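# A structural walkthrough
Residues per chain, in single letters:
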Amino acid sequence: MMTIEKPINKLYPICYFVGIIVMSLGTLQLLPAIVSAVYSEWRILAVFLLTASITVLTGAGLTGLGFRYRSVKLSFGEGTVVASGAWFLGTLLCALPYELSGNFLSYLDCCFDVMSGLTTTGLCLIQDMDHLSNGINMWRHILTFVGGQGMVVLALTFLTTDQSGAYKMYVGEAKDEKLFPNAVSTARQIWLISLIYLVVGTAVMTIAALSAGLAPDRAFLHGMWIYMSAWSTGGFAPMSQNILYYHSEFVELATIVFFVIGSFNFALHHAVLSGRRGELRRNIETITFTVTLTLLTLITTAGLMKSNVYPNAVALFRKGFYQLISGHTTTGFMTIYAKQFYHEWGDIALFAMVIAMLLGGSASSTAGGFKALRTGIIFTAFKAEVKRMLLPESRVSEQKIHHIKDVALSDSMIRSAFLIVTAYIVTFTVGTLIGMFAGFPFGMSAFECASVTGNVGLSIGVTTAAMPAYLKLTYLIIMWLGRLEFMSVLTLGAYVIRKVERKCDR
Amino acid sequence: MKRIISIAAGLLTELFFAAGTMIIGWLAAILIWGIRGV
């Protein structure tokens, strides 16, 4: 007798993988717990032990629910649902230590800061930042460090050897470079590169913090946190004045080096660290970044000169260029106060800053924005089109770009680049409108929204705990959309709607 | 050993490249400042 098998509900394998990622986030909460224990912050230690248990148990529950179906193959759509679902649930759970710490005015503010950390944006609504416990500061910077690499990458590295669906989840987190044939090895290589730099960067930044006059143990913590934030192009800092707090050229120059490196593509890191050092000057992303940075630096500097804000070339570099490169790499470190942008910089410099923040760093890096790869592809496509018009109709020319290897520029690459850039522009426009609806002038709203859309973190003064809840929610969603590059979050939305529709039909 | 040397050389190359981007900022600041002086 022939039996018809009931189709498997894909929700179960999705739950299994989301559970694995959530468990890794719970385990991670033990690190700030250790820091709290070292500094005798007993209440914060208890908070982290409690929230780590809740997060791990939630993850274990989800994993248990889907354990039987763990070897079921996921489609690309389902892989992206896992990635965006884990980011959603992860944000809610990672906000628990913030909520219990008493440093936030509402749970929405906690979720905003977690999403800002995980997406490496760097805007924050935390209260009394200058007197935070070391445990909470550690958690803020761990979130931004892990978010830069990606939480799927974290789970693939440390918690699973399972290959089924791994690449699809990896792509769902807006990373599509394969350093090795399989996604698990690629994820491990990403973490290896990050940990090598963690050691080097923490050492350099600790020396920089010592030279700025901090006590040794504080210099180590600040050095490590600033490095983690720079590498992830995050923008969080332990003090409310951000990098301005240190008043140190050494700290400023060292952070520029680390956030520029952090904005490089992981495939580029892998190539350079494997001995292909020439890749740095041949890669389309580094060329595009250098060209756009040069143009925007000239515009910003000219704008600042016109506004007559800074008295000499050194001040122009330390204030003008620093904010610009911080914005262009989507880091968000600041050496001025937020309100100075609006009151002192003038429209020309602010225009250049908005463009820089939207352009962003490299694809498959910790940076946000359109990404230099897409900007380079669009520019090359325009160049090819103009060239084609000048050639006789019978001639066929093939345009190539160099990204790790020579790649022929295809229509699908151009279409994909235009689609994502259009999605960023639409999101930026809608966010700016909502900001204006909340009562902020166009310039301020556009600046802040460019910062949110590009996952930058520079602020002109819009993002405060006092801003309307609907604007907080808008920025939170835009950060999420921008980091996962739209498709994963939209697929999750479509998946949920389809499930609800099916339930209603029954 | 060869792999460690390769990683170290790669690290230094990236550090120099990143530090090199600051030249853009310095040149722009000096250039624009100079133009204003004229």
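Below is a short write-up of the structure. As the structure is a prediction and not an experimental result, all values here were calculated from the model. (Residues numbered from 1 in each chain as written. Chains lettered and ligands numbered in written order. Predicted model: local features only at pLDDT ≥ 70, side-chain atom pairs only at ≥ 80, totals over all residues.)

### Digging into the overall build of chain B
What counts is decided by this rule: Only runs of H or I of at least four residues qualify as helices and only runs of E of at least two qualify as strands under DSSP, and these elements are numbered from the N terminus. Exposure classes come from backbone-placed C-beta atoms, where a residue is buried if 20 or more other C-beta atoms lie within 10 Å of its own, exposed if 12 or fewer do, and partly exposed in between.
Helix and strand content of chain B: one helix and zero strands. For chain B, the residues scored as buried account for 21% of the 38 residues in total.

### Let's talk about the packing of helix 12 (residues 249-262) of chain A against helix 16 (residues 313-328) of chain A
All names here are of chain A. Formally: Axis definition: a line fitted to C-alpha atoms, limited for helices to the stretch in contact. Angles are taken between N-to-C directions and run from 0 to 180 degrees. Just so you know how the angles are binned, under 35 degrees is roughly parallel, over 145 roughly antiparallel, 65 to 115 roughly perpendicular, and the rest oblique. Two helices that cross are described as forming a left-handed crossing if the nearer one is turned anticlockwise from the farther one by less than a right angle, and a right-handed crossing if clockwise. By the convention adopted here, residues make contact when the C-beta atoms placed from their backbones lie within 7 Å. Note on residue classes: Ala, Val, Leu, Ile, Met, Phe, Trp, Tyr, Cys and Pro are nonpolar, Asp, Glu, Lys and Arg are charged, and everything else, Gly too, is polar.
Contact geometry of helix 12 with helix 16 gives a least axis separation of 10 Å together with a crossing angle of 20°. By the criterion of interaxial angle, the relationship of helix 12 to helix 16 is roughly parallel. Seen from above, helix 12 lies across helix 16 with left-handed handedness. On helix 16, the residues that touch Glu252, Ile256, Phe259 and Val260 of helix 12 are Arg318, Tyr322, Ile325 and Ser326. Among the residues making up the contact of helix 12 with helix 16, the classes are represented as five nonpolar, one polar and two charged.

### What about the pairing of strand 2 (residues 405-408) of chain A?
Residues and elements named next belong to chain A. Let me state the cut-off plainly: DSSP calls a pair of strands paired once it identifies at least 2 bridges connecting them.
As defined by bridge partners, strand 1 (residues 400-403) adjoins strand 2 across four bridges and the pair is classed as antiparallel. Counted as the bridge partner of His402 is Asp406 from strand 2. Hairpin connection between strand 1 and strand 2: a loop of one residue separates the two successive antiparallel strands, and Ile404 in this loop has a positive phi of roughly 70°.

### Here we look at the interface of chain B and chain A
Every contact between the two is made by 22 residues of chain B and, on the other side, 26 residues of chain A. The residue makeup of the side of chain B that touches chain A, split by class, is 15 nonpolar, five polar and two charged.

### Regarding unusual backbone geometry
Residue and element names in this part refer to chain A. Positive phi is not limited to glycine here, since Thr330 has a value of about 60°. Within the element layout of this structure, Thr330 appears in the loop between helix 16 and helix 17 (338-344). When the 37 C-beta atoms within 10 Å are taken as the criterion, Thr330 is described as buried. With a phi angle near 90°, Lys371 is a residue other than glycine that sits in the positive phi range. Along the chain, Lys371 falls in the loop between helix 18 (346-359) and helix 19 (372-390). Exposure remark for Lys371: the 30 C-beta atoms within 10 Å place this residue in the buried category.

Any functional reading would require information beyond the geometric quantities listed.
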